[in-house]
Amino acid sequence: MTMPLPLPRTSPRRLGSLLPAGSVLPRPGSLLAVAAPLLFLLLALALPLAAVLSQAVRDRAGHFVGLDNLRDYLGNPALSAALGNSLALSALSAVLCVALAFLYAYGLTRTRMRGRGLFALVAQMPLLAPSLLPGIALVYLFGNQGWLKGMLGGHSIYGPIGIVLGELFWTFPHAVMILTAALSLADARLYEAARALKAGPWRRFLTVTLPSVRGGLVSAFVAVFALVVTDFGVPKVIGGQTPLLATDIYRQVIGQQNFQRGAVIALLLLLPALLAFLADRLMARRPAASLGGKAVALVPAPNRWVDGFFLLFCGALAFCLLLIPATALFASFARLWPYDLTPVLTHYRFELMDGGGWTAYGNSLRLAALTALFGTALIFPAAWLVVKGRAPMALRQGLHGLALLPLAVPGLVLGLGYVFFLADPANPLRPLSGTLTLLVVCTIAHYYSVPHLSAMTALRRLDPELEEAGRALKVPPAVTLGRVTLPLALPVVLDMASYLFLAALTTVSAVVFLYDPDSMLAALAVLAMDDAGDTAPAAAMAMLIFGTGALVRLLWALVTRSLLRRAGRWRDGR
Amino acid sequence: MNAVRGEGGEAPQDAPHLVLRGVGQRFGTFTALEGVDLTVRRGEFVTLLGPSGSGKTTLLRAIAGLAPPTEGSIRQDGADVTAVPVERRDVGIVFQSYALFPTLTVADNITYGLRALPRPERRTRLEAMLDLIGLRAHAGKYPGQLSGGQQQRVALARALAPNPGLLLLDEPLSALDAEVRRDLRAELRRLQRQLGITTLMVTHDQEEALTLSDRIMVLNHGRVEQVGSPSDLYERPASLFVAGFIGAMNRLPLARAPDGGLRLGRWPLPLPADPAAGPAPVLCLRPEWLGLEDGDLAAPLVADGHLSLPGRVLDSEYRGAQIMVQLGLEDPARPDPALAALTLTTLQPAWGPLGRGLEPGRRLRLRLPLDRLRLFAGDGAQ
Amino acid sequence: MRRSLSLLSFALALALGLTAPAAWAATSLTVYTSLEADQLKAYKEAFEAAHPEVEIRWVRDSTGVITARLLAEKAAPNADVVMGVAATSLMLLDQEGLLDGYAPAGLDKVKPALRDGRPQPHWIGMDVLSSALCVNRTEREKRGLAVPARWSDLTDPAWKGQITMPNPASSGTGFLMVSAWLQMMGEEKGWAFMDALDRNIASYTHSGSKPCKQAATGEFAIGLSFEYRAAKLIDQGAPIELVLPAEGLGWDMEAVAIVKGTAKLDAAHTLLDWAATPEANALYARSFAIVARPEVQPQHNHIPADLETRLTRQDFAWAAANRDRILTEWSRRYDAKSEAK
């Protein structure tokens, strides 16, 4: 269950020093090659975004009105409350999530508690489901008929409590991944030195541990904040009367077809995401407390009390995490929650429900497979062109910059951008509207950055002389890429594909504006069924996605292992 | 072994294989390399020697076509190849890291550059190369399963397999243990002679350069300091840098008297005052040329082809066959702080006439043969 | 070079083949609808069985969304036909000049009250949808409360936080209730009633069915919804009491209309012809107590036969003309409690 980090820390500015200087004159081949991914990102990312920006400053008739739309929006207290709510709840969720995830990750990396592998696996599990799942499960758990309603002390789950709980579940894996990575970079010598200087456990924690993970903490906070502020799955289901930016944009665009207002909210949504992105990049540029070449890996010593405490803590948290899908699973089989809990399969008969049912599920599988296939086939070679290509530096850096852009672009904004971009009658790509092809393109663009950064990191770790050796032997770069570089990077390539597969399976935000009845998706069907009040079938579909994701991850792990075994006799010698 | 190294190019045998004219490399405002001229004969082994940052690797990459120079021209076999990229040059390269393809077997690595050959010929060539490096039994192994020395040989075989006119070696031995390095050095020299392939090697190891090369080009700060045979460089270094970089060297910083004569501390030196050596000349002599004899001396003295200086033993180190002696200069008339800071070393046979009597404090005359003395312009740092 | 070629071929493959649906043998008719998901399948099957040359491609969303979407697409409509959408909405669309007139075969057999009066009607009713209360018996008894018999009973503070109703901006069911209250009680009293009701409302839902479904699971005790959903849920075993408030029921017609400018006019006519047949009406009758053709007499277990007499008098022209104003006022007062969308 290794997934690439949501925000691998690679500064764009550092790119320069890693590219071979004084490159050979660009050859037509390398120019053409780099043009392909550039063109893709321009069409699938830059132009739709530009379309959102230009719509935000126009009225419904298309006349330029400057910032009037924005003033209009901020002047309406009912609407602008959404901005405050979004920022406050995102910050609250991020603080809570990072605090819990830090302790959890600390237990995984710095203690000898039992079952660390299992706990690590459980922490990844929320990635398998669309963000609608925690909302639905929370209704069953804490709703008016919920098992645990009493725990809320009379407060309603519909609103801030539900939103924060749901987002905690959904963003937890991201925070744990970042913090696990940060915490596992520990230099035992620093701890020995602190000990020799008679620093107690608290002082060691404050002076050694905390400074070394400060970057990770900020990065996790920023990542969670950005995820929450742009997520609309959780608040859609359980947000009750709490207006948020993400649900507002959806209501304006879908409910009232007010695209200009949607574009304005998109701008407001883009802003915190962009700030978060910039903050993280700034942090990444600062020299992180990284491990020097001589660092000694820290092996935590067993400690009955510490290990016991963390076992208790992680166990309780893992139980809470598992409770969400378990509840949804149970509810999806109950004939009529909460009155008749006889297990039946009726809620899995989606054909009489909104949302396209099994067809939507089939579409989702196709979308996921195509996104994984074409996404990987596009992103890995493009990353290779950035790292190893010989096109002019400016082109390669432009490609790299565009590839990082999706990190700062919420899916809803991107989706709305496609609507505007394709609404132009002069756009030759217009026939793509509503097709699965468009959804594939949009999903690849939406999730481009993480696999791109994984590929970059993997490629940079390879000896640049390998490629030069290939050239010196007069073998075309593509052959060396296929025979040497690709096999070396195979685990990363497979990880990229699996990331894209799961992302496409669970995404709702960008595609919610783009599907048509023939390209309905399973995650959108969850949304539609929940909207229609068919909560149990919605839970059933969400669990179907969850199960599919889990199955795919399992198959992926097996395939990866056997592929590596077959391709990797050369690894044994190491 | 003519099967391995085929016929050379069409150019006549005595024509130079490689000619560099004014080659320079700038990265933005930084000049990595400037005004390099070099002519390499066919079959010659030339080493580019210099400290790190001297531009030697930059020069090799320019010659390889990996990073074409921003100035000057490179001609190979009579053709201008300055801007020709590596894949269209007639070169084989052994990289510093070897850059063996870890995913491919030894055999596949060696035949990697032979895609154009028909299969049977490729096979023949592979076997010839495997025999050449003596790794026939390892053809099916992956690089990760080989020792460092074996990997180095595979890298060499892979570079030689396509029968290039020019072999480029980038610090080929630097990653190896001292013992393996010595063995491979000999083997490399043998192979190069046997194949008669023009070879350019980059190294920062002067011993490697001296033992392997027909000629050495010494680079410093992106400029050529000297080009010459190993003995030229050792015996007649052209600059203070070369003198210091290759072998051990005694250096005596001198000053100019107002009349232009040379002074060592307060002593005037009875030597010809070469004006080219500038205002702060440095007098250099290899330790092995510094002689010792008993006797006191009041001041420097030139007689029977030697410059004699008064001095005494500071320390001595027993090294078996030889004794390394550290000597100080001393003005018997009155202490001179400028002299007190200077030390010289010499190697004396342990069983020679002075032999074991070289205890610290012993007063001696230091004898510097005039024909071995070198006078350079100081670099100011001394 | 080979690399770039392969990238190009990726792009091409992406643009072409991937998603091409099987070639349609029949004319594909894009029909915007607010019908319930469980009705869509039956209607489509029956129609395509009768007319294999035409295929229905449903685009389903709630009344408000469909209406907004048709308005937004005014310049370049994507729909060929609108079916199963509230007549008030269709009248509004008609005012915008979006609908085409057509007199289907058998028009003379359709109840005059359930169609546009013009000889080439711009919309034709299918059935009558009326508001109803879904009351969860278990939850009600748990609280020891009586069955609410009147709209005004819903303002009893005992029901605080236990009532949900559809948002009239998105749901046709929601709008027909609000419109009926305003006409029945007069504007002033109507809004005052809604203010009082609002104090008890837990949430305004996007869909008209959801309040009833939520009442079925006891998530909220009372759902303001429509009679078909209540009857259906009772059949499925939900502990629901169907209540038709005594003051009178809000109602609207589900109707069908042709979108002006459709390129598939023949197929659209075929669908409208079918929609007015007794066979189609028999399908409507499975869900609704009142349908357009008088000869079709629906029988329902849970819906009283005298439903028609319980409907309030509705001025649909007034509702259509004032729809925007009503919704703006409604949003101003109650938007904070609405579900997203």
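Residues numbered from 1 in each chain as written. Chains lettered and ligands numbered in written order. Predicted model: local features only at pLDDT ≥ 70, side-chain atom pairs only at ≥ 80, totals over all residues. Heavy atoms only, no water.

## Structural notes on the packing of aromatic side chains
Working step 1: Counted according to the given criterion, the structure contains 36 aromatic pairs over all chains.
Working step 2: With centroids separated by 5.9 Å and ring planes inclined at 85 degrees, the aromatic side chains of Trp202(A) and Phe205(A) adopt a geometry described as edge-to-face. Residue Trp202(A) and its partner Phe205(A) are located together in helix α9 (residues 201-230), separated by three residues, close to a single helical turn.
Working step 3: Site record: aromatic cluster; members linked through ring pairs are Phe102(A), Tyr106(A), Trp202(A), Phe205(A), Phe309(A), Phe310(A) and Phe313(A).
Working step 4: Taking NZ or CZ as reference, Arg158(B) lies 4.7 Å from the ring centre of Phe101(B), over its face.
Working step 5: Residue placement shows Arg286(B) over the ring face of Tyr234(B); its charged tip is 3.8 Å from the ring centre. (Phe/Tyr/Trp six-rings, centres within 6.5 Å; stacked < 30°, edge-to-face > 60°. Helix = DSSP H or I, 4+ residues; strand = E, 2+ residues; numbered from the N terminus. Lys NZ or Arg CZ within 6 Å of the ring centre and 35° of its normal.)

## Considerations on the sheet that holds strand β14 (residues 267-269) of chain B
Paired through backbone hydrogen bonds, the strands of a sheet run either parallel or antiparallel to each other.
Residue and element names in this part refer to chain B.
Working step 1: A sheet is described by the order of its strands in space; here three strands give the open sequence β12-β13-β14, paired in antiparallel fashion. Looking along the sheet, the strands with just one partner apiece sit at the ends: β12 (255-256) and β14.
Working step 2: As judged from the two bridges shared by β12 and strand β13 (residues 262-264), these two strands associate in the antiparallel manner. In the sheet register, Arg-256 faces β13, and the bridge partner there is Leu-262. (Pairing = 2+ DSSP bridges.)

## Focus: the domain arrangement of chain B
Residues and elements named next belong to chain B.
Working step 1: Structurally, chain B comprises domain 1 (18-244) and domain 2 (287-377).
Working step 2: Computed from C-alpha coordinates alone, the two centres of domain 1 and domain 2 are separated by 42 Å.
Working step 3: On the domain 2 side, the residues contacting the eight residues of domain 1 number four residues.
Working step 4: In total, domain 1 and domain 2 occlude about 440 Å² of area from one another, counting both sides; carbon and sulfur atoms represent 57% of this. (Domains from an automatic or database assignment. Contact = heavy atoms within 4.5 Å. Buried area = accessible area lost by both parts, 1.4 Å probe.)

## Description of the interface of chain B and chain A
Working step 1: Taken together, the contact pairs 34 residues of chain B with 27 residues of chain A.
Working step 2: Contact with chain A buries surface across chain B, with Glu87(B), Thr103(B) and Tyr112(B) losing the most and accounting together for 23% of the total.
Working step 3: Applying the counting rule to chain B against chain A returns three salt bridges.
Working step 4: Residue Glu87(B) pairs with Arg471(A) through a salt bridge whose shortest N-O separation is 3.3 Å.
Working step 5: Linking chain B to chain A there are eight residue pairs in polar contact (both at pLDDT 80 or more).
Working step 6: Broken down by class, the residue content of the side of chain B that touches chain A amounts to 18 nonpolar, eight polar and eight charged. (Salt bridge = Lys/Arg side-chain N within 4 Å of Asp/Glu carboxyl O. Polar contact = N/O pair within 3.5 Å; in protein donor to acceptor, adjacent residues only side chain to side chain. Nonpolar A, V, L, I, M, F, W, Y, C, P; charged D, E, K, R; others polar.)

## Things to note about the sheet that holds strand β6 (residues 91-94) of chain B
Residues and elements named next belong to chain B.
Working step 1: Across the sheet, which stays open at both edges, the six strands sit in the order β6-β7-β8-β3-β9-β10 with mixed pairing between neighbours. Edge positions in the open sheet fall to β6 and β10 (223-228), since each of these has one partner strand only. Strand-to-strand, the axes of this sheet are offset by a mean angle of 15 degrees, without reference to chain direction.
Working step 2: With five bridges connecting them, strand β3 (residues 45-49) and strand β8 (residues 198-203) associate as parallel partners. The partner of Thr-47 across the bridge, within β8, is Met-201. (Axes fitted to C-alpha atoms, helices over the stretch in contact; angles between N-to-C directions.)

## Considering the confidence of the model for chain A
Working step 1: Within chain A, residue pLDDT values average 87, and 92% of them lie at 70 or more.
Working step 2: Overall, residues 1-25 of chain A carries pLDDT values under 50, and its contacts beyond four positions in sequence, including any with other chains, amount to 74 contacts. (pLDDT = per-residue confidence, 0-100.)

## Considering the domain arrangement of chain A
Residue and element names in this part refer to chain A.
Working step 1: We note that the domain assignment places domain 1 (52-290) and domain 2 (365-568) within chain A.
Working step 2: Here the C-alpha centre of domain 2 lies 23 Å away from the C-alpha centre of domain 1.
Working step 3: At the interface, 30 residues of domain 1 touch 34 residues of domain 2.
Working step 4: For the pair domain 1 and domain 2, the summed buried surface comes to about 2,800 Å²; carbon and sulfur atoms form 83% of the total.
Working step 5: In this structure, the connection of domain 1 to domain 2 is made through one salt bridge.
Working step 6: The partner of Lys-236 in a salt bridge is Asp-531, and the shortest N-O contact between them spans 2.8 Å.
Working step 7: Across the contact surface, domain 1 and domain 2 share two residue pairs in polar contact (both at pLDDT 80 or more).
Working step 8: The element best represented in the side of domain 1 that touches domain 2 is helix α12 (residues 259-285), accounting for 10 residues.
Working step 9: Residues of the side of domain 1 that touches domain 2, tallied by class, amount to 25 nonpolar, three polar and two charged.

## Digging into unusual backbone geometry
Working step 1: Looking along the chain, the bond that leaves Trp337(A) and enters Pro338(A) is cis, with omega of -5 degrees.
Working step 2: Tracing the sequence through the fold places Pro338(A) in the loop between β1 (334-336) and β2 (340-343).
Working step 3: In this model, Lys474(A) sits at a positive phi of 65 degrees, which is unusual for a non-glycine residue.
Working step 4: Within the secondary structure layout, Lys474(A) lies in the loop between α19 (464-472) and α20 (477-506).
Working step 5: Positive phi outside glycine occurs at Asp304(B), with the angle close to 30 degrees.
Working step 6: Mapped onto the elements, Asp304(B) comes out in the loop between β17 (301-303) and β18 (306-319).
Working step 7: When its relative accessible area of 61% is taken as the criterion, Asp304(B) is described as exposed. (Buried < 20%, exposed > 50% of the residue type's maximum accessible area, 1.4 Å probe, protein only.)

## Comments concerning the interface of chain C and chain A
Working step 1: Contact with chain C, which involves 49 residues of that partner, is made by 52 residues of chain A.
Working step 2: Together, the buried faces of chain C and chain A total about 4,300 Å²; carbon and sulfur atoms form 59% of this surface.
Working step 3: A salt bridge links Arg57(C) to Asp518(A); the nearest nitrogen and oxygen atoms lie 2.7 Å apart.
Working step 4: Summed over the shared surface of chain C and chain A, the result is 12 residue pairs in polar contact (both at pLDDT 80 or more).
Working step 5: For the side of chain C that touches chain A, the element with the highest residue contribution is helix α1 (residues 2-15) of chain C, accounting for seven residues.
Working step 6: Across the side of chain C that touches chain A, the residue classes tally to 21 nonpolar, 12 polar and 16 charged.

## Thoughts on the state of the cysteines
Think of a disulfide as a covalent bridge from one cysteine sulfur atom to another cysteine sulfur atom.
Working step 1: Scanning the entire structure with this criterion turns up one disulfide over all chains.
Working step 2: The disulfide that involves Cys134(C) links it to Cys212(C), with 2.0 Å between the sulfurs. Here Cys134(C) and Cys212(C) share a disulfide; its torsion about the S-S bond, -95 degrees, makes the bridge left-handed. One end of the pair, Cys134(C), is in strand β5 (residues 124-136); the other, Cys212(C), is in helix α8 (residues 210-216), and 78 residues separate them in sequence. Cys212(C) shares its class with Cys134(C); the two are buried.
Working step 3: No disulfide involves Cys314(A); its nearest neighbouring cysteine sulfur is the one of Cys320(A), lying 12 Å away. (Disulfide = S-S within 2.5 Å.)

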